[in-house]
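Read off the chains here:
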Amino acid sequence: MTYRNVFPEPLYSFEKNNNEQGISFINAQGKTTDRYATHGKQALNIQYSSQQHSYASVNFQPKKPWDWSQYKNFSIAFDIGNQGKFSSHLYLDIEDIDGNIYTRSVNVAVGSEHTYYAKMHGHDLSNDKNDLNLSSGLRSNPPTWQSKDITFISMWGKKNLNIEGITRISLSVQSNLHDKEIVIDNIRLIENPTQDKHYLTNIVDQFGQNAKIDFDGKIHSKKELLQYRDRELALLREKTLFTERSKFSGWKNGPKLKASGYFRTEKINGKWSLVDPEGYLYFATGIDIIRLSNSSTMTGYDFDNSLIQQRSDDDITPEDSTGLNRVSEKVLSTRKNIASIRTNMFEWLPAYNSPLGNHFGYRRSAHSGPLKQGETFSFYSANLERKYGETSPQSYLKDWKRVTIDRMLHWGFTSLGNWTDPMYYHENKIPYFANGWIIGDFKTVSSGNDFWSPMPDVFDPAFKKRAIATAKKVAEEVKGNPWCVGVFIDNEKSFGRPETNESRYGIVLHTLRRDGKTVPTKSEFTRLMKKKYSTISAINSAWKKSFKNWQEFDKGIDSSINTKPQLTDYSLLLKAYAEQYFKIVNEAIKSYMPNHLYFGARFPDWGMPMEVIEASAKHVDVISYNSYKEGLPQYKWDFLKKIDKPSIIGEFHIGAADSGLYHPGLIHAADQKDRARMYTDYMYSVIDNPYFVGAHWFQYIDSPITGRAYDGENYNVGFVSVADIPYTEMVNAAKSLHSNMYKRRFSELPELLSSKKNN
C-alpha cells in the first residue's frame, strides 16, 4: 500500500552520521549498508549482542522532543529487513515527555523485508481519553485497514502517549538465546488510510475461528472437522513411540534409584532431578490449562445481576478456574445486549435451547477486558461436542479426556501441567500436577503494583485458615494418588519488581505506612525493627528519620528510602514476609499431602526478588518460575548455583500471526515452523540447565480470538486450535524433542549407567 507521509522527509534515512542523528546503541552495534535501503542509498544494519546480555537496543532520541500534536490520524512506520540467521522478536518502545512508555512488538522473519507500522493517533487510538476505542476487550485488535504491511502488536504500557513531546524511540531484543541482526530504513510518519468501519464486525465464524482469512488447519464445515478427527484417531491408535519410558514416564533405560512410591527429588552428579515412584529419573514436560475453564469469551450480553448467585468468601476456587457456570432458566428471560461492539463480532451464536446452547456460561467477575461480568460462550467446548457427539449429558468430555491423554503420551510429554481439570487425576496413565489457590476474607497488603490481585496479609490468622482449607481441598481431589507429581499453590504473586528499590520493596514500603493495630504484617514489621534497634533513636539514626516513639512507628510512617541501612532492613522485612507465606503454605500442604512435593507459587520473571526466592527455598521442594522469554540464557540464571535447589518452569509460550489470531502471545515467532524451532530451543535451554527438572508449556488450547473471558488474552499459544486441531509443526517438534530428551539430559552419568548394566 502507498501511504501519504505526514511530512515529506523521514525522521531517519541513515544518510548521515549516527551521532548527528541522536542514534545510540546498548549491547548492539550499527553500521550503514546498501542492503534493504528503501530511502536514499543507505540503511542501518543493527547487530544485537544477545547471548551475554538480557537487553540490547538501538535508540533514537532527538535533541528536542518531537511535537506531533498537529497530526490527528497517523502512524510511525519502519522498513525492516532480516539478514541474520534467526527471526527477530523486536520490542518497540515509544516514550513521551511525561515518562510514559507504550511497548509494542513484532517478529521479523529471516530473509524478509516489510513495512511495519505502529499507530500513534486515530482509528483505535486517540489522545482524547473519551475517544479511546479499546472497548473491544482484545489484547490486540484486528488491523483497521487492509494491507500487506504489518502492524506492531500491542503489549503493555500507556496506549495514549502525549504526542506533544516524544522523547525516545527504541527497538530492542530481550533475553534471547541467539544474536540477532536486522536492517532498518526510512523511519517516517504516515497518514492512516481510511478506517475499515467493520474491522471488528463478524470476525468470528461458527467454529470460533477468524472468519475473514484462511489459514492452514482452518475448519470450514462439520464434515471437514470429522475428517480431521478420524485421521488423528487413526494416528493415535498406533503404538507409542517412547518405549524407553517407565510406567510413570521416567527414564526406564537409565539408572534405577531408591523407589519411594511417590515422586521425589535427588541431585545426581551435579544435576537435580525428579525421581518417579519406581525410582527412575524423571524430567517433567507438560502442557498447562487442560480444562475448559479458560476457553470461553465474553459475548456482550448480560442478565439481571440481582438474580445471579454471587461468590462467597468461603469459595476455594477463583472465578477463572470454575466451569462455564450457565445461568438458570429463571435468569434467561432478563438477557440483554450491553456491548454491541462485542455481540457484532460473532457471525453466529446458538440459541440457548439449541443443541449447542449448553456451551454458554457466565462470569461474575473478570480481571480485565471488555466487561466486568457477563455471558460467555466456549467455541472450543462446542467444537468438542461437534467432534464426538453427545450420547449422554457432556459425554463428549469423556472422549476429549481419552484423546487428550493419548495425545500427551503420543507426543512424548511426561506430565499434565498446572491447572489440569481434576477429572484427569485418577486415570493413572500419565503423571500430573495438582493446583490450588488461597483466596478468601483475609486481610491484604500491597506491593504498589498488585498485578493479579492484592497480596495476602500473611500474619493474619485468617490467611493460615484459608491455606489449610485449600490444602484440604486439593488433598481430597488427589486422594494420595502416586501419579500426582506435586502441587502448585497460587501463581505469579506480586512480591516485588526489579525496576527500582521502591518497586522491589513495595510490600515493605506500603505496609510500613499502615497501622499495626489493623494490619498484622505491619505489627510484625514493627516487632522486628524494635528487636533489631531497641531504641527509637537508633532506628532514626540509621534511617535518617525523626520518629517520636515506637507507637508512632507502628501507627504508620513515611517509609521513603533515605539510607543504605534502610535498604538492608527493607530486605530483611521482605524476606520475613515471604518466609511466612511459604512456611504457612508448606505446613498446610505437608499436613494433608505429606507424600507429595510442594512446587511453590510460580515466580514471574518480572517479579522474583532474591529475598523472596531465598525465603521460598527453605520451604518448597522445587522452586517454580514462569519465564516468557526465548529461552533460559545461562548468565541470567547463574543465581541458581547459590540457591542450589531443584527448579521448574511453570509457564512459557511462543506464538505466531499465521493462525488467524490477532495476537501471537508474549513471545513472537515468524510462523508455525519458526514457532516449533523456538519451542525446541527453549526446551533445550531448560534440559541443559542442571538445576531445572522440567518445563510446562502454557497452554493446551489457543485463546479465543475475541479474548478469554478473564482478561481478554487472544493469543496463538495452544498446541491445538479452537477447533481442537493440533498444530502439526509443534507436535512434530515435541515428538522429536522427547525422543532424545533423557539421553541429552542424563547421558553424562557413565558410572551410574555402567552400574546399571553390571546389575
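Structure: see above.
Below is a summary of the structure that appears in this document.

**Some remarks on the overall build of the chain**
Looking only at helices and strands, the chain has 18 helices and 30 strands in total. Rg of the C-alpha trace for the chain: 27 Å, near the compact-globule value of 27 Å for 759 residues, within the 12% margin. For the chain, the spread of C-alpha atoms along the principal axes amounts to about 80 × 75 × 65 Å. The 759 residues of the chain split such that 59% are buried.

**Concerning helix α12 (residues 564–592)**
In an α-helix, one full turn covers 3.6 residues, which means residues spaced three or four apart are oriented alike. Between its terminal C-alpha atoms α12 stretches 43 Å, which fits the 42 Å expected from 29 residues at 1.5 Å a residue. For α12, the N-terminal capping position is held by T563, with its side-chain oxygen 3.2 Å away from the main-chain nitrogen of Q566.

**Points about the side chain of S296**
With respect to the helices, strands and loops of the structure, S296 is situated in the loop between β16 (284–287) and β17 (297–298). Setting aside its immediate chain neighbours within four residues, S296 contacts L324, R363, T376, F377, S378, P704, G707, R708 and A709.

**A look at the layout of surface pockets**
Approximately 920 Å³ is the volume attributed to the second largest pocket. P143, D149, I150, T151 and A657 are the residues nearest the centre of the second largest pocket, which is lined by 36 residues in total. The residue inventory of the lining of the second largest pocket, partitioned by class, reads 19 nonpolar, twelve polar and five charged.

**Overview of the sheet that holds strand β30 (residues 692–697)**
Taken together, five strands build an open sheet; the order of strands is β16-β30-β29-β28-β27 and the sheet is parallel. Strand pairing shows two members of the sheet lacking a second neighbour, β16 and β27 (603–604), which therefore form its edges. Note that strand β29 (residues 647–651) and β30 share two bridges and pair parallel. Its bridge partner lying in β30, S647 is registered against F692.

**Description of the sheet that holds strand β12 (residues 180–191)**
Strand order in the open sheet made by the six strands is β2-β3-β12-β5-β8-β9, with mixed pairing throughout. The open sheet has two edge strands, β2 (28–33) and β9 (150–151), and neither has a second partner. Here strand β5 (residues 74–81) runs beside strand β8 (residues 113–121); their pairing, made up of eight bridges, is antiparallel. Of the residues in β8, the one forming a bridge with D79 is T115.

**Focus on the nonpolar core**
Counting 161 residues, the largest nonpolar core has W543, F553, Y625 and Y679 as the members making the most contacts within it. The greatest single-element share of this core, amounting to twelve residues, is contributed by α12. Apart from the residues within four sequence positions on either side, Y679 is in contact with F413, F652, I654, W697, F719, M730, A733, A734, L737 and H738.

**Regarding the packing of aromatic side chains**
All chains considered together, the criterion is met by 63 aromatic pairs. Aromatic pair Y742 and F746: ring centres 6.3 Å apart, planes at 15°, arrangement stacked. Note that Y742 and F746 are positioned in helix α17 (residues 741–746) at a spacing of four residues, about one turn of the helix. Counting every residue linked through ring pairs, the aromatic cluster contains F442, F463, F495, Y577, Y581, F582, F603, Y625, W637, F639 and F692. Across the ring face of F360, the terminal group of R335 is positioned such that the distance to the ring centre comes to 5.6 Å. In this arrangement the basic side chain of R602 is found over the ring face of F488, its NZ or CZ atom lying 4.9 Å from the centre.

**Re the pattern of salt bridges**
Throughout the structure, instances matching the rule amount to 34 salt bridges. The closest approach of N and O atoms between R326 and E329, which form a salt bridge, is 3.5 Å. Between E713 and R708 there is a salt bridge, and its shortest N-O distance comes to 3.4 Å. Exposure class is identical for E713 and R708. Each is buried. What you see here is one network of salt bridges that share partners, running through R139, R708, D711 and E713.

**Some details on empty space enclosed by the protein**
Counted under the stated rule, the structure contains one cavity of 30 Å³ or more. The calculated volume of the largest cavity comes to roughly 50 Å³. Lining the largest cavity, in full, are F86, S87, L177, H178, K180, E630, R677, M678 and D681. The dominant element in the lining of the largest cavity, judged by the number of residues it contributes, is helix α15 (residues 672–687), at three residues.

**Some remarks on the packing of helix α9 (residues 520–533) against α12**
Contact geometry for α9 and α12: axes closest at 11 Å, N-to-C directions at 130°. Put simply, α9 runs oblique to α12. Relative to α12, the crossing made by α9 is right-handed. Side by side, α9 and α12 meet where T521, F525, L528, M529, K532 and Y533 of the first sit next to P565, D569, L572, L573, A576 and Y577 of the second.

Reading guide: rules and limits
- Residues numbered from 1 in each chain as written.
- Predicted model: local features only at pLDDT ≥ 70, side-chain atom pairs only at ≥ 80, totals over all residues.
- Heavy atoms only, no water.
- Helix = DSSP H or I, 4+ residues; strand = E, 2+ residues; numbered from the N terminus.
- Rg over C-alpha atoms; globule rule 2.2 N^0.38 Å.
- Buried < 20%, exposed > 50% of the residue type's maximum accessible area, 1.4 Å probe, protein only.
- Expected span 1.5 Å × (residues − 1).
- Polar contact = N/O pair within 3.5 Å; in protein donor to acceptor, adjacent residues only side chain to side chain.
- Contact = heavy atoms within 4.5 Å.
- 1 Å grid on protein atoms, 1.4 Å probe; cavity = no way out; pocket = protein on both sides within 12 Å on 5 of 7 lines; lining within 4 Å.
- Points joined across faces, edges and corners; volume = space filled by probe spheres on them.
- Nonpolar A, V, L, I, M, F, W, Y, C, P; charged D, E, K, R; others polar.
- Pairing = 2+ DSSP bridges.
- Core = buried A, V, L, I, M, F, W, Y, C linked by side-chain atoms within 4.5 Å.
- Phe/Tyr/Trp six-rings, centres within 6.5 Å; stacked < 30°, edge-to-face > 60°.
- Lys NZ or Arg CZ within 6 Å of the ring centre and 35° of its normal.
- Salt bridge = Lys/Arg side-chain N within 4 Å of Asp/Glu carboxyl O.
- Axes fitted to C-alpha atoms, helices over the stretch in contact; angles between N-to-C directions.
- Parallel < 35°, antiparallel > 145°, perpendicular 65-115°, else oblique.
- Left-handed = near helix turned anticlockwise from the far one by under 90°.

That is the geometry; function is a separate question.
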